[in-house]
Amino acid sequence: MKCRSCREPAVIELRRHNAGFCAPCFLTYCRNQVVRAVEEHKMIARGERVLVAVSGGKDSLALWDLLLDLGYQADGLYIGLGIGGYSEPSGEYTRSFAEARGVTLVEVDLPGDFGYDIRSGAAADHRVPCSACGLSKRHIFDRAAVEGGYDVVATGHNLDDEAAVLFGNLLHWDVAYLARQRPVLPERDGFPRKVKPLVRLAEREMAAYCVLRGIDYQVEECPMSAGNRHLGYKDALNAVEERSPGTKAAFYHGFLEHGANLGAEIGEREREGLRPCSNCGAPTVGEICAFCKLVRRAGGNPNRRIPVSAGPVSAGPVSAGPVSAGPVSTGPVPAGPVPAGPVSAGPVSAGPVSAGPVSAGPVSAGPVSAGPVPAGPVSAGPVPADAALADAALATPAPGAKETAK
Ligand code: Q46
Ligand code: ZN
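Now for a look at the structure at hand. Computed from a predicted model, the values in this text were never measured in an experiment.

## Examining helix 10 (residues 229-243)
Here comes step 1: Between its first and last C-alpha, helix 10 extends 22 Å over 15 residues, near the 21 Å set by a 1.5 Å rise per residue.
Here comes step 2: The set of residues buried in helix 10 consists of H230, Y233, K234, L237, N238 and E241. One side of helix 10 holds all its buried residues, which, seen down the axis, span an arc of 140°.

## So, the nonpolar core
Here comes step 1: F26, V50, V52 and L67 are the most contacted members of the largest nonpolar core, which has 100 residues in total.
Here comes step 2: The greatest single-element share of this core, amounting to nine residues, is contributed by helix 1 (residues 23-40).
Here comes step 3: If sequence neighbours within four positions are ignored, V50 has contacts with I44, L67, Y72, Q73, A74, Y150, V152 and A154.

## Topic: the environment of A249
Here comes step 1: Within the secondary structure layout, A249 lies in helix 11 (residues 247-258).
Here comes step 2: Taking the C-alpha atoms as reference points, A249 and A163, 86 residues apart in sequence, are found 7.6 Å from one another.
Here comes step 3: For A249, the residues in contact, after removing those within four places along its chain, are R16 and L159.

## A few points about helix 7 (residues 159-171)
Three- or four-residue spacings in an α-helix give side chains the same orientation, since the helix completes a turn every 3.6 residues.
Here comes step 1: With 13 residues, helix 7 ought to run about 18 Å at 1.5 Å a step, and its terminal C-alpha atoms sit 18 Å apart, in line with that.
Here comes step 2: When we look at burial in helix 7, the residues that qualify are L159, D160, D161, E162, A163, A164, V165, L166, F167, G168 and N169.

The rules we used
Residues numbered from 1 in each chain as written. Chains lettered and ligands numbered in written order. Predicted model: local features only at pLDDT ≥ 70, side-chain atom pairs only at ≥ 80, totals over all residues. Helix = DSSP H or I, 4+ residues; strand = E, 2+ residues; numbered from the N terminus. Expected span 1.5 Å × (residues − 1). Buried ≥ 20, exposed ≤ 12 C-beta atoms within 10 Å, placed from the backbone. Arc of directions from axis to C-beta. Core = buried A, V, L, I, M, F, W, Y, C linked by C-beta atoms within 7 Å. Contact = placed C-beta atoms within 7 Å.

Below, the structure written as structure tokens:
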């Protein structure tokens, strides 16, 4: 198979686009998909400060890398969850990434800073671990963004994550969730703006991106992910995608196009009655927010300040116009103009990837496979389901909402 853009040998096949790409053109394709998502949904304006929710998994590190590469001022926030054998290496991957690029990483450690971990918090609050985890992440990212003066929080939800959540919400006709499943949640009611710049890119593509960029990431599954129902939804959609490539993207993007107002009234009603938490000031529907309740029940202290330094307030309107990020094509596979220079003809080599126009500085040589990126079904290749879930747990349901994997 040849690269669709430059006709050199392809290292990855994207069946939903019926196309293959060589390494440099694939990286260009990824960047262009992010630019397109940002522009289409007015996610981030130039000059705005972005806080990237990083978990150490492939999606969030790829997102951070892409945003930096596109010239955004993007800091990272990593939350140590206190999950033995999992959180430590996740933090190390994140730190290595930040150090290699000389970018700002804010770290919060649940046990050290707030006095609980996911297991103890879940037990004390009578929740499943992923519920306690999602609640904690959302609260801390929101608080960090507000206290740090960030304009927007970016999360690494990819196309597979969003399609699986949509599938689950439709299976249960959870209209309130459908109302909130958007690539952009605007800033309002004390919540920061949330954006998902990877919604046009699949999970497997994010793994390939990390391999080609030499980004080391956490590939182990979170030990608490077993039984998460969204994994089942992903499996079901992967089976459909295998038979009919492109279905997943059509499903999700069709929802964005046709289901934009689904549940809007419910969403509005949920926002009524919001008030500041009497302990921490976060918007909540009750006297005390769910995070403060959980931490107190677990014997911790919910009032620890998050070590963000408030940066300069960015100028310009929040939803300012299009982002100019270099050459971007607008077709169904916007690989964009591809540099005519020499393109690696062979398989992706191990070690730091020299990818032509990519300029994000040195990247550590990680577990980069020496062969071509597998072109099989979505689950092929180094795509741990938990890594996607780790990022998928970072989104923000509306206040008072029950937990989802997002
Ligand atoms: S990290 Fe947290 Fe995930 Fe682990 S406890 Fe569940 S939500 S599975 S994405
Ligand atoms: Zn509170």
